[in-house]
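Take a look at the letters that make up each chain.
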Amino acid sequence: MHVKEPANDLVARLYRQLRLIRTLEEEVARVYPTDRIKSPVHLSIGQEFVSVAVCDVLRPDDHVSITYRGHAAYIAKGGDLDAMVAEMYGKAAGCAGGRGGSMHLVDMAAGVIGASAVVGTSIPVATGFALAARRRAGGSVVVCFLGDGATEEGCFAESLNFAALHRLPILFVCENNGYAIHEPLAKRWATDRLVERVATYGIPAQRIDSGDLFELRERAAEAVAAMRDGGGPAFLEVTCYRWYEHVGPNRDYDQGYRPESELAPWAETDQVARLAALLPAGERERIDAEVDRRVAAAFAFAEESPFPDPEELHDHVFA
Amino acid sequence: MSSPDRSSPDGASSGGRLLRYVDALCEAFAQEMRRDDSVFLFGLDVDDHKAIQGSTRGLLAEFGAERVFTTPLSEDAMTGVAIGAAMAGMRPIHTHIRMDFLLLCMNQLVNIAAKAHYMYGGAVKVPLVVRSMIGKSWGQGAQHSQALHSMFMHVPGLKVVAPSNAHDAKGCMIAAVRDDNPVIVMEHRLLYPTEAEVPEAPYEVKPGKARIVAPGDDVTVVGISNMVLECLRARELLAEVGISAEVIDPIWLSPLDIDTIARSAARTGRLLVADNGWTACGAGAEIVAQVLERTGDARIAVRRIGFEPTTCPPSPPLEARFYPNPGTVASTVHAMLRPAAAPWQPDPERTRLAHQIQFRGPF
Ligand SMILES: Cc1ncc(C[n+]2csc(CCOP(=O)(O)OP(=O)(O)O)c2C)c(N)n1
């Protein structure tokens, strides 16, 4: 697939997002053992390029549905960084006021419609947002991020059928990292022909296994453009790799369920390093310094913010 | 603490050794699978290197992938598959790492598993075990910490059990596997490392008998699942202010041994149910109602405590307020006994949840 040479300002923009997500998650991993983040964290390190590529073609009035492994998409869609880290700390200024934790990041202003810790359950919810988007006819779209494991839940099939039937403006982006917790695909799928399965619902479906951010961005841009014109749903399966353990701050190649050799090709084509190398050194350093400051500020904010008042335990049960 | 979880619960036969709850479960599976070829164990991650916190460790090696296997992420269909296999004469043990995920199985469990024997006029049996673990604390939040036993207690045809110690974990699990009905086994994450005397030979802790874990005269306190331990701590705190509490573990919630509880409550005149779940339409409501119906004694003072009527928050100070603990149990009992006295709160340092102290994330 030929992708034309990206312009410098595009590279800089995408690099900034990638670097922001990577830096923030590395900081999460560093802080985690102190117990100040008392919430199960699922890092996306290695997979950031998927969210960054796709969200770059979205408008502010578009929505994304994220998963418990949703840091990357939350940030890439413009979620509030301070509120995100504060939420992981359980603080009152968190994006869910300390009622969600790391698995339930939300930012309605930025179009991040929240995450569920029950795998697959956000797929029909995202589809409902797409139904609303179509009714409002403003040309906005929904992107539903999901994992390979989520495609095994019944509601995935049910949602695909409904989205296709009603030609809803929803782009399903399956981040296929090959594992669900520690179980590899081969123990869960009889064939890996996911895009064929999806296509039979009448949904254009493509697989992108180059790990190339620019290629993915182009495919997403085409799909979203078609959707804004009333073209109905689309599906992208993106091959990627989770560098860290399923949940927690460590690398887990010593656990025996996956060999470190699997990581090697992904580490070599790491899109954060790749885009960094495409930028003039001065520009890259400027972005790095700005990102480091931004992340440090978000953690400082979370550290200093107060916890919610226990008296407010019963808030938000009903609207 | 006088380590009541280490003492041999009554009914334990000899030949015991100290075993952790998680290892007692694993021993139950191994023994039942050795005994009966139709027993198999499946569910997400039962065969990975973490082996459901170790509760299925070694089973794949001994029994092979035909009898110990993971599944796709398809709880609803897998429940139906388990039900079908059970009707066909197998004895499946379907495992879930969180009780919350049973909600995806609800249709199959309630509409099929619970009813099949009845609606087919006794022509089929569903000897199915559904294991589910309550995940609590450490910021696990709204969807990873629910105890949903009362939803299942509502449904005729389902049995529900919530063992609170290693001895009962093994005995209840063996009883569940041998039972010809669908049994929901509610395990508790925080109980996994706790130890008790566990006999080596297989044995059953069947429905029909609640256990008086500790005797007392002033109040009957029923604890459910891990709340048994918290109630025992509350009992110690209460003893220091001269209140004698009898602590009862119902063990099986459905069918429920109401007689043991009713006899105790009739004697003490006071009944508190401390649930590991919400109180509305909950196990506590059921126990209190049955005791009053059974005794016909309207003078018995009754109280329920459990989760605060809100969703579980991960933020530490909110979470601390959400769960009942030995302090809330003790102060509630104190208020029942001495309504005219000033409210009493035990030293907060001594009321922290028994196992919160040793549990650390991630997961
Ligand atoms: C309904 C349900 N079943 C099981 C789980 C336990 N669980 C949490 S994450 C996960 C793996 C999901 O894999 P995938 O969808 O591929 O996403 P990834 O974690 O790889 O990003 C599982 C099985 C859950 N949270 N919800």
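Residues numbered from 1 in each chain as written. Chains lettered and ligands numbered in written order. Predicted model: local features only at pLDDT ≥ 70, side-chain atom pairs only at ≥ 80, totals over all residues. Heavy atoms only, no water.

**Q** So what's going on with the UniProt feature "domain: Dehydrogenase E1 component" (unreviewed entry) in chain A? Which residues, and what values?
**A** The residues that UniProt annotates with the feature "domain: Dehydrogenase E1 component" (unreviewed entry) are residues 17-311 of chain A. Helix makes up 42% of residues 17-311 of chain A and strand 13%, with an end-to-end C-alpha separation of 38 Å. (UniProt positions renumbered as here; feature names shortened; annotations may be inferred. Helix = DSSP H or I, 4+ residues; strand = E, 2+ residues; numbered from the N terminus.)

**Q** Any chance you could break down the sheet that holds strand E3 (residues 68-69) of chain B for me, citing the residues and the numbers?
**A** All names here are of chain B. Reading across the sheet, the seven strands line up as E3-E2-E4-E5-E7-E6-E12 and stay open at both edges, with mixed pairing between neighbours. If you trace the sheet from one side to the other, it starts and ends with E3 and strand E12 (252-254), each paired once. Packing against the sheet, helix H1 (residues 21-35) makes contact with strand E2 (39-42), E3, strand E4 (91-96), strand E5 (129-134) and strand E7 (183-188), and its axis sits at approximately 135° to E2. Contacts between helix H3 (residues 75-87) and the sheet are confined to E2 and E4, with E4 contributing the most and set at about 160° to the helix. (Pairing = 2+ DSSP bridges. Contact = heavy atoms within 4.5 Å. Axes fitted to C-alpha atoms, helices over the stretch in contact; angles between N-to-C directions.)

**Q** Tell me about the interface of chain B and chain A, and please be specific about residues and values.
**A** Taken residue by residue, the interface counts 35 residues in chain B and 43 residues in chain A. A combined buried area of about 3,300 Å² lies between chain B and chain A, and 62% of that area is made up of carbon and sulfur atoms. Viewed at the interface, chain A and chain B are joined by two salt bridges. Put simply, Glu-311 of chain A and Arg-321 of chain B hold a salt bridge, and the shortest N to O gap is 3.4 Å. At the boundary of chain B with chain A, the tally comes to 14 residue pairs in polar contact (both at pLDDT 80 or more). When grouped by side-chain class, the residues that make up the side of chain B that touches chain A number 17 nonpolar, 10 polar and eight charged. (Buried area = accessible area lost by both parts, 1.4 Å probe. Salt bridge = Lys/Arg side-chain N within 4 Å of Asp/Glu carboxyl O. Polar contact = N/O pair within 3.5 Å; in protein donor to acceptor, adjacent residues only side chain to side chain. Nonpolar A, V, L, I, M, F, W, Y, C, P; charged D, E, K, R; others polar.)

**Q** Please set out the packing of aromatic side chains residue by residue, giving values where relevant.
**A** Going through the model one piece at a time under the given rule, you end up with 11 aromatic pairs over all chains. On the numbers, 6.3 Å between centres and 75° between planes, the contact of Tyr-89 of chain A with Phe-299 of chain A is edge-to-face. Here the residue Tyr-89 of chain A occupies a position in the loop between helix H4 (81-88) and strand E2 (112-116), and Phe-299 of chain A occupies one in helix H11 (residues 281-304), the gap between them amounting to 210 residues. Per residue, the accessibility class of Tyr-89 of chain A equals that of Phe-299 of chain A, and both read buried. Between Phe-40 of chain B and Phe-69 of chain B, the aromatic rings sit 6.0 Å apart at their centres with planes inclined by 10°, giving stacked as the arrangement. Of the two residues, Phe-40 of chain B is situated in strand E2 and Phe-69 of chain B in strand E3; the sequence distance between them amounts to 29 residues. The class of Phe-40 of chain B is buried, set by a relative accessible area of 10%. The exposure class assigned to Phe-69 of chain B is partly exposed, which follows from its relative accessible area of 28%. (Phe/Tyr/Trp six-rings, centres within 6.5 Å; stacked < 30°, edge-to-face > 60°. Buried < 20%, exposed > 50% of the residue type's maximum accessible area, 1.4 Å probe, protein only.)

**Q** Give me the site of the ligand: which residues, what numbers.
**A** In the vicinity of the ligand there are 21 residues, among which Tyr-68, Arg-69, Ala-117 and Gly-149 of chain A together with Glu-75 of chain B approach most closely. More than one chain approaches the ligand, the contributing ones being chains A and B. Here Asn-177 of chain A contributes a side-chain N or O atom positioned 2.9 Å from an oxygen atom of the ligand. Here an oxygen atom of the ligand and a backbone polar atom of Tyr-179 of chain A are 3.1 Å apart. Burial of the ligand by the protein chains amounts to 96% of its free accessible area of 580 Å². By residue class, the composition of the shell around the ligand is 13 nonpolar, four polar and four charged. (Near = heavy atom within 4 Å. Areas by Shrake-Rupley, 256 points an atom, 1.4 Å probe, with all protein chains shown as cover.)

**Q** Before we move on, can you summarise the environment of Ser-51 of chain A with the specific residues and values?
**A** Residue and element names in this part refer to chain A. By secondary structure assignment, the location of Ser-51 is in helix H2 (residues 48-55). Distance from Ser-51 to Ala-72, taken between C-alpha atoms, is 5.9 Å for residues 21 residues apart in sequence. If near-sequence neighbours (up to four positions away) are discounted, Ser-51 is found in contact with Ala-72, Ala-73, Ala-76, Phe-145 and Glu-175.

**Q** Explain empty space enclosed by the protein residue by residue, including any values.
**A** This model, assessed by the stated rule, comprises two cavities of 30 Å³ or more. Around the largest cavity, the lining residues are Gly-43, Leu-44, Thr-71, Pro-72, Ser-74, Glu-75, Met-78, His-94, Thr-95, His-96, Ile-97 and Phe-101 of chain B. The set of elements that each furnish at least two residues to the lining of the largest cavity consists of H3 and E4 of chain B. Examining the composition of the lining of the largest cavity, we find that three residues originate from one element, E4 of chain B, more than from any other. Looking at the lining of the largest cavity, its residues break down into five nonpolar, six polar and one charged. Of the voids in this model, the second largest cavity is the one considered here, and its volume is about 50 Å³. What lines the second largest cavity is Gly-46, Phe-49, Gly-211, Trp-243, Trp-266, Thr-269, Asp-270 and Gln-271 of chain A. Of the residues contributing to the lining of the second largest cavity, the split by class is three nonpolar, four polar and one charged. (1 Å grid on protein atoms, 1.4 Å probe; cavity = no way out; pocket = protein on both sides within 12 Å on 5 of 7 lines; lining within 4 Å. Points joined across faces, edges and corners; volume = space filled by probe spheres on them.)

**Q** Go over the pairing of strand E4 (residues 170-176) of chain A with me, naming the residues and quoting the values.
**A** Residue and element names in this part refer to chain A. Most of E4 sits out of view: seven of its seven residues are buried. Of the two faces of E4, both are covered, the one formed by Ile-170, Phe-172, Cys-174 and Asn-176 as well as the one formed by Leu-171, Val-173 and Glu-175. The sheet contact formed by strand E3 (residues 142-147) and E4 spans six bridges and is parallel. Across the sheet, the residue bridging to Leu-146 is Cys-174, located in E4. Alignment of E4 against strand E8 (residues 234-239), held across six bridges, turns out to be parallel. The residue of E8 that forms the bridge with Asn-176 is Thr-239.

**Q** So what about helix H10 (residues 283-295) of chain B? Which residues, and what values?
**A** Residue and element names in this part refer to chain B. The terminal C-alpha atoms of H10 lie 18 Å apart, and with 13 residues this matches the ideal 18 Å at 1.5 Å per residue to within 8%. Taken as a whole, H10 has its buried residues at Ala-283, Gly-284, Ile-287, Val-288 and Val-291. The buried side chains of H10 occupy one side of the element, clustering within an arc of 130° when seen end-on. The inward-facing, buried residues of H10 abut helix H6 (149-153), strand E10 (219-223), helix H9 (258-268), strand E13 (270-278) and strand E14 (301-307). Among the residues trailing H10, Gly-296 stands out with phi positive, at a value near 65°. (Expected span 1.5 Å × (residues − 1). Arc of directions from axis to C-beta.)

**Q** Provide a residue-level description of the pairing of E13 of chain B, including the pertinent values.
**A** Residue and element names in this part refer to chain B. Of all nine residues that make up E13, seven are buried, and the element is covered over most of its length. One ladder, built from four bridges, connects E10 with E13; its direction is parallel. Its bridge partner being in E13, Val-222 is matched across the sheet by Val-273. Each parallel crossover has a hand, and the one from E13 via H10 to E14 is right-handed. (Right-handed = clockwise from strand over helix to strand, strands pointing away.)

**Q** An account of the nonpolar core is requested, with residue identities and associated values reported.
**A** Ranked by internal contacts, the top residues of the largest apolar core, which has 79 residues, are Leu-24 and Leu-171 of chain A. Residue contributions to this core peak at 12 residues, all from helix H1 (residues 8-31) of chain A. (Core = buried A, V, L, I, M, F, W, Y, C linked by side-chain atoms within 4.5 Å.)

**Q** An account of the domain arrangement of chain B is requested, with residue identities and associated values reported.
**A** It is common to report an interface's size as the accessible area lost on association of the parts. All names here are of chain B. Annotation of chain B at the domain level lists domain 1 (20-199) and domain 2 (211-358). Its C-alpha centre places domain 1 at a distance of 27 Å from the equivalent point of domain 2. Each partner contributes residues to the interface: domain 1 has 32 residues there, and domain 2 has 30 residues. Where domain 1 abuts domain 2, roughly 2,500 Å² becomes buried across the two surfaces, and 61% of that area is made up of carbon and sulfur atoms. Run the count over domain 1 and domain 2 and you get one salt bridge. Linking Arg-211 and Asp-168 is a salt bridge whose minimum nitrogen-to-oxygen distance equals 2.7 Å. Linking domain 1 with domain 2 are eight residue pairs in polar contact (both at pLDDT 80 or more), by the criterion used here. Those elements giving two or more residues to the side of domain 1 that touches domain 2 turn out to be H6, strand E6 (159-161), helix H7 (166-178) and E7. Top element by residues in the side of domain 1 that touches domain 2 is H7. It accounts for four residues. (Domains from an automatic or database assignment.)

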